[in-house]
Amino acid sequence: MRTRILLAAVAGAALCTAPAAMAAAAPDGSDNRSFTMAVYGDSPYGTNNADTSQTDATPAFIDTINADPEVSTVVHVGDIHSGKQICSESYDRQIAAFWTSFTDPLVFTPGDNEWSDCHKVAEGGGKYNATTGQIDYVKDGSGNLVDYAGGNPVDNLALVRSIFFPTPGATLGSGRLRVLSQAQVDNRAHPTDGAYVENVAWERDGVVFVSINVPGGSNNDADPWYGAPTASPQQLTEAANRTGAALRCLDRAFSTAAQIHARSVVVMTQADMWDLDGKDASHLANYEPIVGSLASHTQAFGKPVLLLNGDSHVFRSDNPLQAGAPCTGDADVCSYDDWTSHPSYDVANFHRIVVHGSTVPLEYLRLTAHGRNQPTTATSFGPFTWQRVTD
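## Thoughts on the sheet that holds strand β4 (residues 35–40)
Point 1. The strand order β9-β6-β5-β4-β18-β20-β19 describes an open sheet built from seven strands, whose pairing is mixed. The open sheet has two edge strands with one neighbour each: β9 (172–173) and β19 (380–381).

## Digging into the environment of Q85
Point 1. Looking at the element boundaries, Q85 is found in the loop between β5 (71–76) and α2 (89–99).
Point 2. The exposure class of Q85 is buried, given its relative accessible area of 4%.
Point 3. Remark: the alpha-carbon pair of Q85 and G124, spanning 39 residues in sequence, is separated by 7.3 Å.
Point 4. Ignoring any residue separated from it by four or fewer positions in sequence, one finds Q85 in contact with P44, Y45, G46, N48, N49, D51, A122 and E123.
Point 5. Polar contacts involving the side chain of Q85 include one to the main-chain amide nitrogen of G46, which spans 2.9 Å.
Point 6. Engagement of the side chain of Q85 in a polar contact is seen with the backbone nitrogen of S82, the distance being 2.9 Å.

## Thoughts on the pattern of salt bridges
Point 1. Following the criterion strictly, the structure yields 14 salt bridges and no others.
Point 2. The residue D318 makes a salt bridge to R352 at a minimum N-O spacing of 2.9 Å. On the criterion of sequence distance, the pair formed by D318 in strand β15 (residues 316–318) and R352 in strand β17 (residues 350–354) is long-range, its members being 34 residues apart.
Point 3. The class of D318 is buried, set by a relative accessible area of 3%.
Point 4. Each of the salt bridges in this network shares a partner with another, and the network as a whole consists of D272, R316, D318, D338 and R352.

## Topic: helix α5 (residues 288–301)
Point 1. For α5, with 14 residues, the first-to-last C-alpha span of 19 Å sits near the 20 Å given by 1.5 Å per residue.
Point 2. Listed as buried for α5 are I290, V291, G292, S293, L294, A295, H297, T298 and F301.
Point 3. Buried positions along α5 lie against α4 (233–259), β13 (264–268), β14 (305–309) and β17.
Point 4. Just downstream of α5 lies G302, where phi reads positive at about 80°.

## As for the packing of α4 against α5
Point 1. One way to put it is that α4 packs onto α5 with a least axis distance of 10 Å and a crossing angle of 10°. Between α4 and α5, the interaxial angle falls into the category roughly parallel. Residue-level inspection shows T243, A246, L247, L250, D251, F254 and A257 of α4 in contact with α5, the latter providing P289, I290, S293, L294, H297, T298 and F301.
Point 2. Grouping the amino acids of the contact of α4 with α5 by side-chain chemistry returns nine nonpolar, four polar and one charged.

## So, the state of the cysteines
Point 1. The tally for this structure, following the rule as stated, stands at two disulfides.
Point 2. Between the sulfur atoms of C87 and its disulfide mate C118 the distance is 2.1 Å. Of note, the bridge from C87 to C118 carries an S-S torsion of about -90° and is left-handed in sense. With C87 in the loop between β5 and α2 and C118 in the loop between β6 (105–108) and β7 (126–129), this residue pair connects regions lying 31 residues apart in the sequence.
Point 3. With a sulfur-sulfur separation of 2.0 Å, C327 is cross-linked through a disulfide to C334.

Thresholds applied
- Residues numbered from 1 in each chain as written.
- Predicted model: local features only at pLDDT ≥ 70, side-chain atom pairs only at ≥ 80, totals over all residues.
- Heavy atoms only, no water.
- Pairing = 2+ DSSP bridges.
- Helix = DSSP H or I, 4+ residues; strand = E, 2+ residues; numbered from the N terminus.
- Buried < 20%, exposed > 50% of the residue type's maximum accessible area, 1.4 Å probe, protein only.
- Contact = heavy atoms within 4.5 Å.
- Polar contact = N/O pair within 3.5 Å; in protein donor to acceptor, adjacent residues only side chain to side chain.
- Salt bridge = Lys/Arg side-chain N within 4 Å of Asp/Glu carboxyl O.
- Expected span 1.5 Å × (residues − 1).
- Axes fitted to C-alpha atoms, helices over the stretch in contact; angles between N-to-C directions.
- Parallel < 35°, antiparallel > 145°, perpendicular 65-115°, else oblique.
- Nonpolar A, V, L, I, M, F, W, Y, C, P; charged D, E, K, R; others polar.
- Disulfide = S-S within 2.5 Å.

Structure below.
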């Protein structure tokens, strides 16, 4: 596996250490810079807290990925349970224990269901009481809180970090993949950025990967916690600090890509930043800084940029930064133009894939990066080709 960790300089650009030779095509014309990843998300899901069907199927699903001889890295784009299941330490640890069975390295970006939505009643959090001005927390028959920390999102994110990101720069699963965590770079100009251990980047064979914590819903901005009349100072601070950290992480990744003359950049988020989910466009406004950053960086980079996300559950392949771009997926999914959620962009060298999730059989996306760009088709873009694989 030809990988190298990206070390950030004080100015925000990045340098590389332990460089591996950028392999060219073999004399026989074969592609020896090809590598494959398994990407999945929104899994396992349950219709309620007692529904463990997908959770029970997860060990066999992991075995399926392990048995895929082409896969060398696994990526989970967030949501380890549904929005109708509680947020508990025991469940988080159960999923983490499952993931130790992966024979390849696993990179994980947290989803809204495991932290930013834990305050909701459906997940076992609570509800603002307009009469008392207090939160009526969901409790069990013994009067104990059902959710971890009563569903407080900041506390649940801290829990997720302690379980899934105990060591900055380390990945989950097995194998060796060295990544650069935002907690490991020089954050003196923005000290709070050091908390975002989950924001990571790495490079392999000329492709720069960056995973940032951007949760689905409204970027944790537009839906006040516990249904309160307004967002609390804690919520507003959380969203501002995390969004700022994500933007600086993107800056660093694209700066690195330019410096090392990368051939492509892959960005991973949980949020589908274009999915209205029955709401108006204002509900997505708080994603605009991230979307704008992706658009401007992609244009400046001038080479293929691929975004992988989950959140909206149903497979979709498109370019939401270009009006009228082709869409591949279910007819209902492609019946609307995602460009209208964040209009005015015209970025041709961008592509996005929503990985399919929350259904049985469980599914992963076999994503292959080739040594040279492929013809653009329904299953290829830039150096990438992909195939949906069910358990």
